[in-house]
Each structure stands twice: as C-alpha cells, then as structure tokens.
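Working through the structure, step by step
Each chain, written out:
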Amino acid sequence: MPHYIGVIIDDKRMEKIKGTPLEREIKDMFGGALKMIAVPVPEDKSKEILKAFDKARIDSRGYIEDIPIALRRAVFEEMVKNKSLNIIDKVLARLPEIQEAAKKEDEFIPPPEVE
Amino acid sequence: MKSGGVVMPMLRMPPPHGGRLVDRVVKNKNRAEKIAAGCPRFELKATLDPKGVPIRHVYREIMSICYGFFSPLEGSMVRDELERVLKERRLLSEWIFPFPILFDVSEDDYKALGVKEGDRLLLTLKGQPFATLDIEEIYRIDPKDVAVRTFGTPEKNPEVVRQPFDDKHPGYLIYRCHQPVIFAGKYTIINEPKFKEPYDRFWFPPAKCRDVIKNVKKWRTVIAHQTRNVPHVGHEMLMKCAAFTGDIEPCSGILVNAIIGAKRRGDYPDEAILEGHEAVNKYGYIKPERHMVTMTLWDMRYGNPIESLLHGIIRQNLGCTHHMFGRDHAAVGEYYDMYATQILWSKGIPSFGFDAPPHEVDYGLKILPQNMGEFWYCPKCGEIAYSETCGHSKERQKFSGSFIRGLVSEGIFPPNVIFRPEVYKVIVKWWKVYGYPFVNNKYLKLKAQELEVDVPKLELPKG
C-alpha cells in the first residue's frame, strides 16, 4: 500500500500548475478551505524517507508527516518540472541537498508576515 | 429530582485530593529567615538528556507541591513511598498518586554537600534562596529501573502497554536521566518567585483558583481541559461539546489547564499555548464568562493513563467537577493503547493497581471523567463532526497534529476551520520571538536558563 506526501496548493503554487495535468489531481480539504495534491510514495521509498529524516512518521491517514519543508518543496518542484506525480525517485536523488537544508530548519524557520 | 427512583444529584466542587490543600509557602520574611538561616545551600539545576539538552527542572515540581497542585503530596518521596507508587500508584497515606516525585542529586554533589538525614537544605534558584528541603531519608535509585516501572511494560501491563519504553519517549528519558542519590522530605518555599509575562496572567494556584471559580466566575460545575497544545478548531469543539456534560445542566465553566515546562521537540512554545487558548475566549469563540485559562508547572511525562491520574489530581485540586479525556490523552508515539486513559477511567487497569476506575476506589479521586471520541471535519455534513455521531467516516478529514505542524512550518495561513486567525497570529507572534514555531533544542536551553519566574533578592542571616 503506498503512502502519500501531501503538498498544499496555495495561490502561488496554483499559478505554477494551472493548465497542466496536475490541476486535475487537486483535492479539496476542509470543505474547500485548503487544496492539496497527494503524491503517492511506494512503501520501499517511504522507508527510505523515514530513514533519512528521524522525525518523519506515517500518520493515521497514511501520509508521511513531520518531514522537512525542504522535502515538501522538492516534491512540488519535481512535480512542476515533470508535470507528473511519479517523481519520488527524482526527489530521492536530491536527498543530500534536502538533508543539508533540513539541518538548518532545526534551528530557524523564517516566520511569515501576517497582519 | 427523581426519575425512576434514581436521584439526579446536583454536583458541587469536590474537596481537594487527600482532604486539604497543601500550602507550604512561607510568606512572612522573618519566619522564612529563621527557617533557612545557616543551612547548606544547593543551586537547583536542570536535568539534562545524554546530549546535554534540558528536559526537566525540579523547581517546577517544588512549586506544584508547595502551592497545592499535587495535594496531598508534600515533598520528595521516601523509598517506601516510591515503591508503593510504582507498584500501586498510591502514597503511604493511601491516596492515589501516579508518578515518582524525587529530589535527585549526583554522587559528586552529595559528597560535596556532606548532608545527612535530619539536615535542612537551602535550595537556591537563579542564585537566590527559594525553598528548603527537610531531609528525612537519603537513598539511591537505579534511574532506568524507575523509568521502566513508572510507565510499565508490555509483559507486566498487557492491558494498555503496546511496546517497551525507550529513550525516544520524553517521560521515560526524564526518569532515566535522574541522578542516583535521592533526598526525600518535605519542601517549603521561603521566597516566592515572581512570574514573568505572560505566565503571570495564568497563575492560579489551587486555593486562588477555587476562590475565583466560586466567587468571581460563580461556576457550580467545571470541566477541565488538559492542554499541551495551541488549540486548533478540533480542540475548541472538544471543549464546547464536552462542556455539555454536567448534571441537571451543562457545566457552568471550562477550565483550561496548560502544562508548562520542558516539552518534546515539535510541541508549541509554552507562551503560544497559553496565549492561544486565551485568544479562544478573548475573541469570543467561547465567551470568557464560561472559559478560563490556567497553568501548572510540570515537565510533562507523556504518560497517557498514568499522566491522566495526575491531571485528575491537579484539576480536582483546582476545583473542577469533571475532566475531559480524549483519545491518545497526553500521549506520544504508540507506547500505549490509544484508548489507555479511557480504559483506566471506564473500567480500571488492574496491573497498574486499579481494579476499578480511579473515581470509584477508596482514597480515589472525586473528579468525574468525560471520555470523548474524536472530532473531524466532515465534507458531507459540512461541519466539524463528532466521531460517535457522524456516519461518514470514509469522508472524514482529521485534525492531524503532524499535518497541521506541516502547514504551520510552511508559513501557510491556515483556514478558519483549522485555526482561528487570532490563534494562528499568536503562534506567529512567538515564532518571531524564538525564530521557530515549535519547541527545539535552542528553546529548551533558553527556557531552562530563563525559567518562567524570577526570584526576588533575599539576604539570609548566617546561622
């Protein structure tokens, strides 16, 4: 059974996938208040992800959570580049770079600007 | 009021656990000076994990004992009491108590202090006199053994323990990192610490809390909400719906009691937890006439059913008539059955000393449990739904804590159906202060250094 990485699609990300086949993959969450694409991750690959990031876990919905922002960003970038959800191998090829960015996330994450 | 011969009782505030509230705070300066003059001094320090990260500060336990949160406990446990707690979860006085509470020092500190049983030790905090410990007994523990027995094992506690505890469990790690020498005896605070902002707004020790409930809020029944979280809308719905419990009417009040202390990495900073809950009433999601936010100092042990006993004790001492318990109460990981707390409060857990629920045994608790299911968003109902009511479990969208953490760390403004905007802004406020939205090692180190309090200067006469 595959697991999933959920990528939230906000307005900025929507711009990047508009008109591509990815648009059809968008699911509504919380009554349409959030939009998300669920990227399937085969079980052997999800094991690799859990091994690479010690805080990562599979939640009760089968989603891989508590993963670095850098990993989620890489998933979205590869999705856009390849216009496909079959991109986990490409993401895993970038693991060293993602792990390096993740280390910095343990100390500092820039806060958003909210009014 | 009779129905089929059964009387519906009108509930009243329960007595403190053990019959009276412990008050071991000396407010008279002359008396304090007399108590502490000439005593050997010991500066309190944080318990560190193997990587040097602070995971506990014993000052929080001293505060909670002396101000009566842990009534009837009055100090660090003697060896027989420790054994009784580990075997039966009871004090030597018979009253239920779940956790070992110990004043631990290293062999080196013990040697350097040169104290013996019968001595009085002056405990200093941030360099100032803070409390005394009357040493009744000195003994040694095997910290790992205490850690294992505190939380249980799959073999000895098969009803609820699902996997052996290890260093990844923050509560287990706290006991495993205790020092081996125990000074047992009563604590007395001789120099009251002053809470810093924002903690000062939420500090309602049991005597004061009971007074506020009775005379200011004028609540007859109160349901307690345990929290170590910034409240999302699922938590808010839990509070709102659980508060329909009561007797002839729903509970008059909801008392949020946040656990303040070292927490696991990934939880929210304490300041955000308190102000996040405060925002729920400040902005009217639950009106302040019915909702009040308080705190207890305690380095959470994440002990699910064991922790729920301590929660029952604290909230009964604060004056609550009911306590809501959800799924995975005070839990982390999958060490316990996700319903372990509800099993305890509905039929008991014999291997932990409870053949019946804690409110149905002698010397037990008087606070009443309200075991609650889950809240999720149901797209079909178009609302936040209760798991035991909503028939669309396939369509449910859960308030997964880890999903929400992911959303927050990506800086996405969460929709109103997940976080109230005012609550989310509190997260961002403290995120800007600490450069991080969650507890991390940097926050734990800073917190252990700064603490929630300052201690006023106090000169003591020399012996």
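Reading guide: rules and limits
- Residue indices begin from 1 for each chain and proceed along its sequence in written order.
- Chains and ligands are labelled sequentially in the order written, the chains with letters from A and the ligands with numbers from 1.
- pLDDT decides what is reported in this predicted model: residues at 70 or higher carry local features, side-chain atom pairs at 80 or more are listed and counted, and totals for whole chains, interfaces and linings draw on all residues regardless.
- For the purposes of this entry, the term helix denotes a DSSP run of H or I that reaches at least four residues, the term strand denotes a run of E that reaches at least two, and both are numbered from the N terminus.
- Atoms counted for the radius of gyration: C-alpha only. Globule rule: 2.2 Å times residue count to the power 0.38.
- Buried residues are those with 20 or more other C-beta atoms within 10 Å of their own C-beta, exposed residues have 12 or fewer, and partly exposed residues lie in between; C-beta atoms are placed from the backbone.
- Two residues form a contact once the distance between their C-beta atoms, set from the backbone, is within 7 Å.
- Fitting a line to C-alpha atoms yields each axis, with helices limited to the stretch in contact; the angle taken between N-to-C directions then spans 0 to 180 degrees.
- By the definition adopted for this analysis, an angle is roughly parallel if under 35 degrees, roughly antiparallel if over 145, roughly perpendicular if from 65 to 115, and oblique otherwise.
- Take the far helix as the reference: if the near one is turned anticlockwise from it by less than a right angle, the crossing is left-handed, and if turned clockwise, right-handed.
- In this count, Pro and Cys sit with the nonpolar residues alongside Ala, Val, Leu, Ile, Met, Phe, Trp and Tyr, while Asp, Glu, Lys and Arg are called charged and the others, Gly among them, polar.
- By definition, a nonpolar core groups buried Ala, Val, Leu, Ile, Met, Phe, Trp, Tyr and Cys residues that are joined through C-beta atoms within 7 Å.
- Residue ranges for the domains trace back to a domain assignment, done automatically or taken from a database.
- Strands pair, by our definition, only if DSSP identifies at least two bridges between them.

**A few points about the overall build of chain B**
- Check the secondary structure of chain B and you find 14 helices and 20 strands.
- The C-alpha radius of gyration computed for chain B amounts to 22 Å, which stays within 12% of the reference 23 Å derived for 463 residues, consistent with globular compactness.
- Dimensions of chain B, computed from C-alpha atoms along their principal axes, come out at roughly 70 × 55 × 50 Å.
- Across the 463 residues of chain B, 51% fall into the buried class.
- Residue pairs in contact within chain B that sit at least 24 positions apart in sequence constitute 76% of those at least 6 positions apart.

**Focus: the overall build of chain A**
- For chain A, the helix and strand inventory stands at 5 helices and 5 strands.
- The N-to-C order of helical and strand elements in chain A reads β-α-β-β-α-β-β-α-α-α.
- Taken over C-alpha atoms, the radius of gyration comes to 14 Å for chain A, in line with the 13 Å a tight globule of 115 residues would show.
- Judged by the C-alpha coordinates and their principal axes, chain A covers about 40 × 35 × 30 Å.
- The buried share among the 115 residues of chain A stands at 29%.

**What to know about the packing of helix 9 (residues 270-282) of chain B against helix 13 (residues 421-434) of chain B**
All names here are of chain B.
- Running from amino to carboxyl end, helix 9 crosses helix 13 at an angle of 160 degrees, the nearest separation of the two axes being 8 Å. Classified by the angle between their axes, helix 9 and helix 13 sit roughly antiparallel to one another. As for how helix 9 packs across helix 13, the hand of that crossing is right-handed. Where helix 9 abuts helix 13, its residues Glu271, Ala272, Glu275, Gly276, Ala279 and Val280 lie against Glu422, Val423, Val426, Ile427 and Trp430.
- Class assignment for the residues of the contact of helix 9 with helix 13 results in 7 nonpolar, 1 polar and 3 charged.

**Observations concerning the interface of chain A and chain B**
- Taken residue by residue, the interface counts 25 residues in chain A and 29 residues in chain B.
- Among the elements of the structure, strand 1 (3-8) and helix 3 (69-82) of chain A are those that each provide at least two residues to the side of chain A that touches chain B.
- Among the residues forming the side of chain A that touches chain B, the class breakdown is 12 nonpolar, 3 polar and 10 charged.

**Re the nonpolar core**
- Counting 166 residues, the largest nonpolar core has Val39(A), Val75(A), Ile62(B), Ala131(B), Ile223(B) and Ile427(B) as its most contacted members.
- Looking at which domains feed residues into this core, each of domain 1 (29-195) and domain 2 (199-449) of chain B gives three or more.
- Setting aside chain neighbours within four positions, we find Val75(A) in contact with Ile5(A), Val7(A), Val39(A) and Val91(A).

**With respect to the domain arrangement of chain B**
Residue and element names in this part refer to chain B.
- Taken domain by domain, chain B comprises domain 1 (29-195) and domain 2 (199-449).
- In this complex, domain 1 contributes 39 residues to the contact, which on the side of domain 2 involves 43 residues.
- Those elements giving two or more residues to the side of domain 1 that touches domain 2 turn out to be strand 5 (54-57), helix 2 (58-66), helix 3 (79-88) and helix 6 (170-176).
- Here the element with the most residues in the side of domain 1 that touches domain 2 is strand 5; it accounts for 4 residues.
- Taken together, the residues of the side of domain 1 that touches domain 2 break down into 19 nonpolar, 9 polar and 11 charged.

**Some remarks on the sheet that holds strand 19 (residues 397-398) of chain B**
Residues and elements named next belong to chain B.
- Pairing is antiparallel in the open sheet, where 3 strands are placed in the order 18-17-19. Whereas interior strands pair on both sides, the edge strands pair on one side only; in this sheet they are strand 18 (383-386) and strand 19.
- Pairing of strand 17 (residues 375-378) with strand 19 involves 2 bridges; the strand directions are antiparallel. Within strand 19, the residue paired with Tyr377 across the bridge is Gln397.
- Sheet strands in contact with helix 8 (residues 233-242) are strand 17 and strand 18, and its direction is about 55 degrees off that of strand 18.

**Here's the deal with the packing of helix 3 of chain A against helix 5 (residues 95-105) of chain A**
All names here are of chain A.
- Relative to each other, helix 3 and helix 5 sit at 140 degrees, their axes nearing to 8 Å. Taken together, the axes of helix 3 and helix 5 lie oblique to each other. Two secondary-structure elements touch here, helix 3 through Ile69, Ala70, Leu71 and Ala74 and helix 5 through Ile98, Ala101, Ala102 and Glu105.
- When the residues that make up the contact of helix 3 with helix 5 are grouped by side-chain class, the tally is 7 nonpolar, no polar and 1 charged.

**Observations regarding the sheet that holds strand 1 of chain A**
All names here are of chain A.
- Taken together, the 3 strands give an open sheet; going across it, the order is 1-3-2, and neighbouring strands pair in antiparallel fashion. Each edge of the open sheet is held by one strand with a lone partner, namely strand 1 and strand 2 (27-29). The sheet shows a mean angle of 45 degrees between the axes of neighbouring strands, taken without regard to direction.
- Its contacts with the sheet place helix 3 against strand 1 and strand 3 (34-41), and it is angled at close to 85 degrees to strand 1.

**Examining the environment of Val114(A)**
- Considering the arrangement of structural elements, one finds Val114(A) in the segment after helix 5.
- Placed 28 residues apart in sequence, Val114(A) and Asn86(A) show a C-alpha to C-alpha distance of 35 Å.
- Apart from residues no more than four positions distant in its own chain, Val114(A) is found in contact with Phe413(B), Lys425(B) and Val428(B).

**Focus on the pairing of strand 5 of chain B**
- Relative to strand 5 of chain B, strand 4 (residues 46-48) of chain B runs antiparallel, the two being bridged by 3 bridges. Residue pairing for strand 5 of chain B: Thr47(B) is matched across the bridge by Arg56(B).

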